[in-house]
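# Summary of the model geometry
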Amino acid sequence: MDVQAQSAIATKLFINISVLSIALNSSFFVYLLYSNRLYDLGKCCSSAVLLILPLSEILKHFYVKQMFQLETGLKSGPPSSSLSSSSSGRSAGVANARVGRTRWSEWFGAAVLFTLATLFYAFICVVLGAPLDQYEETSSLALTLTTVTVFPIILLIGQSHTYQLLLSETLELKSPLTNSYLNLLKNNCIGVILGAWGASVVAPLDWDRPWQVYPIPNVVGSIGGLFGMNVFNLLSTLYISMYRNRRAKAQ
């Protein structure tokens, strides 16, 4: 596949996933407002509405995987072993059992990584001034941050490669398209963190509004940061695409 074809596919991927993310985030905000669930975000028992977020990320992941057939293996990774045609039924059964154990191990490792990331976010929230006695509120915020930052990356490249990425190791995936999508997810993380941090400015204001109560501004800010980054990705992708088309016509 030539460079122009890869660029066209990447442009289509960025536009489609940005539009889908904007639609899902907008729907989430509308649901919070019209169902009057906004003020339940800081309570673990009544903030089950936050389960919409991982479902949205899973939906986006399967959409991208099915539509664009992303290859998530490392470029320099060892080749995967396969059974020869002369393998016996017993060998096939052993191989299937190994695949099953590997799958369960991957899921368990992903759950551990998700938990560690949540604890890390909770620690950062406390360091930045979150009240120690409001552990439910901090847990809700930490879960939200983990869901919209680390969770999509785990879905894409798996927990072992996510560990490498979090430890600042360079990952070079097999497909350039997958690398581009991974960079998009990392940019989304920046938007989420900036949105959650920037929303803290409303907390000390003496407006006495119910939506100023911790962690409502931070949760809304994190989703708003994701929304804003998706809008930026969409507009920048459209602009670059139009610029390339004009340049190609001029030549």
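All figures in this text were calculated on a predicted structure; none of them were measured in a lab.

The rules behind each value
Residues numbered from 1 in each chain as written. Predicted model: local features only at pLDDT ≥ 70, side-chain atom pairs only at ≥ 80, totals over all residues. Heavy atoms only, no water. Helix = DSSP H or I, 4+ residues; strand = E, 2+ residues; numbered from the N terminus. Buried < 20%, exposed > 50% of the residue type's maximum accessible area, 1.4 Å probe, protein only. Contact = heavy atoms within 4.5 Å. Areas by Shrake-Rupley, 256 points an atom, 1.4 Å probe, with all protein chains shown as cover. Core = buried A, V, L, I, M, F, W, Y, C linked by side-chain atoms within 4.5 Å. pLDDT = per-residue confidence, 0-100. Axes fitted to C-alpha atoms, helices over the stretch in contact; angles between N-to-C directions. Parallel < 35°, antiparallel > 145°, perpendicular 65-115°, else oblique. Left-handed = near helix turned anticlockwise from the far one by under 90°. Nonpolar A, V, L, I, M, F, W, Y, C, P; charged D, E, K, R; others polar.

Let us look at the overall build of the chain. Of regular secondary structure, the chain possesses 6 helices and 0 strands. Across the chain, helices and strands are ordered from the amino to the carboxyl terminus as α-α-α-α-α-α. Within the chain, buried positions represent 38% of all 251 residues. Sequence-distant contacts, at least 24 apart, represent 77% of the contacts inside the chain between residues at least 6 apart. As displayed, the chain offers around 15100 Å² of accessible surface, 63% of which is attributable to carbon and sulfur atoms.

Within the largest apolar cluster, 27 residues are counted, with the highest numbers of intra-cluster contacts made by Phe-28 and Leu-41. Only α1 (3-34), α3 (89-127), α4 (135-166), α5 (176-198) and α6 (216-250) provide two or more residues apiece to this core. Setting aside residues up to four positions removed in sequence, Phe-28 forms contacts with Val-49, Leu-50, Ile-52, Leu-53 and Ile-223. Counting residues in each nonpolar core, the second largest holds 19 residues, with Ala-10, Leu-171, Leu-173 and Leu-184 among its members.

On to the environment of Ile-193. Checked against the element boundaries, Ile-193 lands in helix α5. We classify Ile-193 as partly exposed; its relative accessible area is 42%. Taking the C-alpha atoms as reference, Ile-193 lies 9.4 Å from Asn-218; in sequence the two are 25 residues apart.

Our focus in this paragraph is the confidence of the model for the chain. Mean pLDDT over the chain stands at 85; residues scoring 70 or higher make up 86%. Counting contacts from residues 77-87, a segment whose pLDDT is below 50, to residues more than four positions away or on other chains yields 2 contacts.

To continue, consider the packing of α1 against α6. Two elements in contact, α1 and α6, have axes separated by 9 Å at closest approach and are oriented at 150°. Compared by their axis directions, α1 and α6 come out roughly antiparallel. For the crossing formed where α1 meets α6, the hand is left-handed. Each residue belonging to the contact of α1 with α6 can be placed in one class, and the counts come to 13 nonpolar, 11 polar and 1 charged.

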